[in-house]
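Per-entry structural report
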Amino acid sequence: MIHRESNQLFIGPYAIDANRHVRVIPYSEAPGRYTGLARDLTDPGHHLLLATMEEGFYRVNTQSLKTTLLYPDGNVKQPKADDVANHHRGALLPGAHGKGVYSGQGVMVYSNNGEPGPLALKQFDIEAGVLAEWNGKDWTVVRRNQFVEVTGPGGIYGNANPETDPIWATGWDHKSVLLGVRGNGKWSFFRLPKGSHAYDGAHGWNTEWPRIRDISEAGKPDFLMTMHGLFWRFPGGFSVSNTRGIRPRSAYLKVIGDFTRWNDQLVFGCDDSAQKEFLNRRKEKGGIEGPGQSNSNLWFTPLTLPDQLGPSTAEGAVWLNEAVAANTPSEPFLFAGWKKRSAWVQNHSEQAITLTFEIDPKGTGNWTRLQTTSLAGGQVSRLGFAANAPGEWIRVRADKAARLTIQFTYATQDNRSLNAHPMFSGLSPVRASATTGGLLYGLGNNRRALGLLAQESAGGQLRTIGYYELDGSMNLKRKQDDTTQAFIQSKFAIPKEVVSVEAASVLIVDEKGRRWRFPLGDDRFTSLTHEGQLRICREVATERDLFNCHGTFYELPAENADGYAKVKPVASHGLRINDYASYRGLLVMTGIDLVSAAGKEHIILSDDGKAAVWAGAIDDLWKLGKPTGRGGPWYNTLTEANMPSDPYLIGYYDKRTLNISHKATTPIRFTIEADPVGTGQWMAYKTITVEPGKRVTHQFPAEFEARWIRFKADKACTATTLLEYR
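Presented here is a report on the structure given in the accompanying data block. These numbers were taken from a predicted model, which means no experiment stands behind them.

1. What about the overall build of the chain?
Helices and strands together make up the secondary structure of the chain, namely three helices and 54 strands. Dimensions of the chain, computed from C-alpha atoms along their principal axes, come out at roughly 80 × 75 × 50 Å. Among the 726 residues that make up the chain, the fraction classed as buried is 58%. Considering only contacts in the chain between residues 6 or more positions apart, those separated by 24 or more positions represent 66%.

Here it is, written out as structure tokens:
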């Protein structure tokens, strides 16, 4: 926080004046993990408010730095009772893991994004987190959901007009992103779709840290918002009376903690590589260790980068199998910003209902009817919205009390090439009979280097080349360190037989016993996978995995964020990538063609010329090529009547074609079911009858979006359901 009146920057316990003089608030006087600063409610010219992650609050004199304890930090077991105003034994607020704090309109607003207890470590959709406010005397719980950012148009200075300027807050639940705005003493809430579910997790550890920041030139407000894997354009004038202008920009993979504009660039501070993987273990990773010590970096990018990464395809719900009162509108859901828009609608009730979809055309709170639809009891429908349908926000109401699901799916045209960008030149193609690879390990004990056990692979056989270290100047040097070499060989070997590559798909059985099927790429990935030549899964951005399966990279949430159920394809490739890891904010990969690697910008050759690595950013992966694949859950498979196939991934792919056939002597009715988000809530999409000896081809419409697809046959038969994604 920059305190205008004293012309000081406060960051953590430090106060820094314009002459670069640094003073420190002693930890003994104000203990806790500092999470935010806000302008004081009664004397903002001379005081500020300081909050900790464990609900400790202090009033700080900006001149003397003297602190007054308002509420003790939860990690301080024996606070002095006479220093505590309104001291609470136990937790002050519901939830855990404090994040944002801001003041205005007579209150200090505080958020936390998690929940304590063992259930929160496993289940992503329990009640968690809080948005709360304090009026100088009493606390009020505003909303019992996970919240992160709390700010306003004044940003790190605080609002210039604290009585009238809005306060913004971002959060989420298991259905969608939440956006709150406070004006005229009241909160209003809106919903936005999620571009990623890797940020979910009831404990709150997976969100470090969505922000809303002004990145404009002087006098031209231009706010950038990060939330659940998407960059958003955020209007500086967003308020309860003007909610127009939020737009998706592009998807990203980095875990971004903060950012600013500097020297006509954007600078992102990131959480790249955590020494502890925080519950993020799964068999596909084998017994792999995390890095020896945590390491991250700054990421310098052009101002245009937020518009240049992954497609902004996203989804979210206003209701998921919920009881809904008659004629009560849902919360507004963002409608503007995508041309391909649809909704999955399910009436879980027995009686017929009529749903009315309404839009707010200009973000002024004036609602008009867009369309209506009627659903019989138990009926499912997929509704499309015209590309030119107006509206900033959409909401829905039912004419009768009912139990409903309303899931919105928005898609962006993926115009990426099928071919890898030249920046990946020097990496070995999958067709190569040999490659120079190696196993990677971020060293610990403050050695500040990346260890490489270099290996040559040819004809299914590995030969050790030697041990190398990549330093902070990007020099790759051969070292003699038998202990570290043996450690890497033992702890970072690529596991075998952790996925099953079958005739038409890759089968994954996750930690909960759930079965998932993925598309195939080039046939040559099969033998390399069986031989343990390719790293399949590794944490590269903290608390989520990068899954490299049969020629496609996927963003894979931790199991406590629902894991494979919420997986997202990023890019497909034809490369023989041996290993990959995070180091100093970089994505480092092995599997180099030394003959073609010389002179390539992203290839770092060793000092002896016998080993090499590729280095870039994780978000360079979007330039590998759009996701493609082929296969299906059934391939000449003996099926039982009305028994569903395993789920097969269909979300985030483009130009999807289905071919269905069977070997029965009578017609077979195939029902296609879709799971829009990965919640296990299957909805009927279409029924297709296939005559004996015939093959039926179905082209999915461009606006169709769902994460998983599966099939049922009305009679036992030998069936084939093959999909091709281009």
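On we go from here.
2. Section: empty space enclosed by the protein
Within this structure, the stated rule accounts for six cavities of 30 Å³ or more. Contributing to the lining of the largest cavity are 16 residues, with S273, P291, R538, E539 and S582 lying nearest its centre. Where the lining of the largest cavity is concerned, the elements lending two or more residues are β32 (434-442), β39 (537-539) and β43 (580-583). Among the residues making up the lining of the largest cavity, the classes are represented as six nonpolar, five polar and five charged.

3. A short note on the layout of surface pockets
Taken as a whole, the largest pocket encloses approximately 1100 Å³ of empty space. Contributing to the lining of the largest pocket are 42 residues, with M1, I156, R211, R213 and D258 lying nearest its centre. Counting residues per element, the lining of the largest pocket draws most heavily on strand β5 (residues 34-39), which supplies six residues. The residue makeup of the lining of the largest pocket, split by class, is 23 nonpolar, twelve polar and seven charged.

4. Side note on the pairing of strand β3 (residues 14-17)
Note: strand β2 (residues 8-11) against β3, four bridges, orientation antiparallel. By the bridge assignment, I11 is partnered in β3 with Y14. Between β2 and the antiparallel strand that follows it, β3, lie two residues; G12 among them carries a positive phi value of about 60°. In terms of strand pairing, β3 meets strand β4 (residues 22-24) through three bridges, oriented antiparallel. If you follow Y14 over to β4, its bridge partner there is V24. Linking two consecutive strands that pair antiparallel, namely β3 and β4, is a turn of four residues; a positive phi of about 70° is found at R20 within it.

5. A look at unusual backbone geometry
Backbone torsion omega between E208 and W209 reads 5°, so that peptide bond is classified as cis. Summarising the element assignment, W209 is placed in the loop between β16 (186-192) and β17 (212-214). Even without glycine at this site, E497 takes up a positive phi of about 60°. Tracing the backbone shows E497 in the loop between α1 (482-491) and β36 (500-501). Although it is not a glycine, R584 adopts a positive phi angle of roughly 50°. Inspection of the secondary structure puts R584 in the loop between β43 and β44 (586-589).

6. Comments concerning the packing of aromatic side chains
Considering all chains together, one arrives at 47 aromatic pairs under this definition. By way of ring pairs, the aromatic residues W232, F333, F335, W338, F357, F385, F408 and Y410 are connected into one cluster. Its end group placed over the ring of Y564, R282 keeps NZ or CZ at 5.2 Å from the ring centre.

7. What to know about the pairing of strand β9 (residues 96-104)
Burial analysis of β9 places eight of its nine residues in the buried class, the great majority of the element. As defined by bridge partners, β9 adjoins strand β10 (residues 107-114) across six bridges and the pair is classed as antiparallel. Each bridged residue has a counterpart across the sheet, and for G104 the counterpart in β10 is V107. Between β9 and β10, which follow one another and run antiparallel, lie two residues, and Q105 among them has a positive phi close to 55°.

8. Brief notes about the pattern of salt bridges
Within the structure shown, the criterion is met by 52 salt bridges. The shortest N-O distance in the salt bridge between D510 and R514 comes to 2.8 Å. Note on R514: relative accessible area 23%, which makes it partly exposed. A salt bridge links K712 to E673; the shortest N-O distance between them is 3.3 Å. Within this pair, whereas K712 is found in strand β53 (residues 708-713), its partner E673 is found in strand β50 (residues 668-675), the two being separated by 39 residues in sequence. You can call K712 partly exposed: its relative accessible area is 21%. Judged by its relative accessible area of 9%, E673 is buried. Each of D510, K512, R514, D562 and K566 takes part in one network of salt bridges that share partners.

9. Quick word on the sheet that holds β5
Spatial ordering of the open sheet is given by β5-β6-β7-β8, a layout of four strands whose pairing is antiparallel. Strand pairing shows two members of the sheet lacking a second neighbour, β5 and β8 (67-71), which therefore form its edges. Put simply, the sheet's adjacent strands are angled 25° from each other on average, direction ignored. In this sheet, β8 lies alongside strand β7 (residues 57-61) in antiparallel orientation, the contact comprising four bridges. By the bridge assignment for β8, V60 is matched with T67.

10. Quick word on the sheet that holds strand β21 (residues 256-262)
The sheet built from three strands is open, its strands ordered β21-β22-β23 with antiparallel pairing. Each having just a single partner strand, β21 and β23 (298-301) make up the two edges of the open sheet. Averaged over all neighbouring strand pairs, the angle between strand axes comes to 20°, with direction disregarded. One ladder, built from six bridges, connects β21 with strand β22 (residues 265-270); its direction is antiparallel. Of the residues in β22, the one forming a bridge with F259 is F268.

11. Description of the nonpolar core
Looking at soluble globular proteins, one finds that nonpolar side chains tend to be buried together. Grouped together as the largest cluster of nonpolar side chains are 85 residues, with contacts concentrated most on F268, L355, F357 and F408. Here this core gets five residues from one element, more than from any other, and that element is strand β31 (residues 402-411). Leave out the neighbours within four places in its chain, and F408 touches A314, E315, G316, V318, F333, S342, A343, F357, F385 and I394.

12. Re the side chain of D414
With respect to the element layout, D414 can be found in the loop between β31 and β32. Within the structure, D414 has its side chain in polar contact with the side chain of R416 (distance 2.9 Å). Once residues lying within four places of it in the same chain are set aside, the contact partners of D414 are P311, K626, P627 and D654.

13. Considering the environment of L723
Among the secondary structure elements, L723 is positioned in strand β54 (residues 717-725). Note on L723: relative accessible area 2%, which makes it buried.

How each quantity is defined
Residues numbered from 1 in each chain as written. Predicted model: local features only at pLDDT ≥ 70, side-chain atom pairs only at ≥ 80, totals over all residues. Heavy atoms only, no water. Helix = DSSP H or I, 4+ residues; strand = E, 2+ residues; numbered from the N terminus. Buried < 20%, exposed > 50% of the residue type's maximum accessible area, 1.4 Å probe, protein only. Contact = heavy atoms within 4.5 Å. 1 Å grid on protein atoms, 1.4 Å probe; cavity = no way out; pocket = protein on both sides within 12 Å on 5 of 7 lines; lining within 4 Å. Points joined across faces, edges and corners; volume = space filled by probe spheres on them. Nonpolar A, V, L, I, M, F, W, Y, C, P; charged D, E, K, R; others polar. Pairing = 2+ DSSP bridges. Phe/Tyr/Trp six-rings, centres within 6.5 Å; stacked < 30°, edge-to-face > 60°. Lys NZ or Arg CZ within 6 Å of the ring centre and 35° of its normal. Salt bridge = Lys/Arg side-chain N within 4 Å of Asp/Glu carboxyl O. Axes fitted to C-alpha atoms, helices over the stretch in contact; angles between N-to-C directions. Core = buried A, V, L, I, M, F, W, Y, C linked by side-chain atoms within 4.5 Å. Polar contact = N/O pair within 3.5 Å; in protein donor to acceptor, adjacent residues only side chain to side chain.

All we've got here are geometric facts, nothing functional implied.
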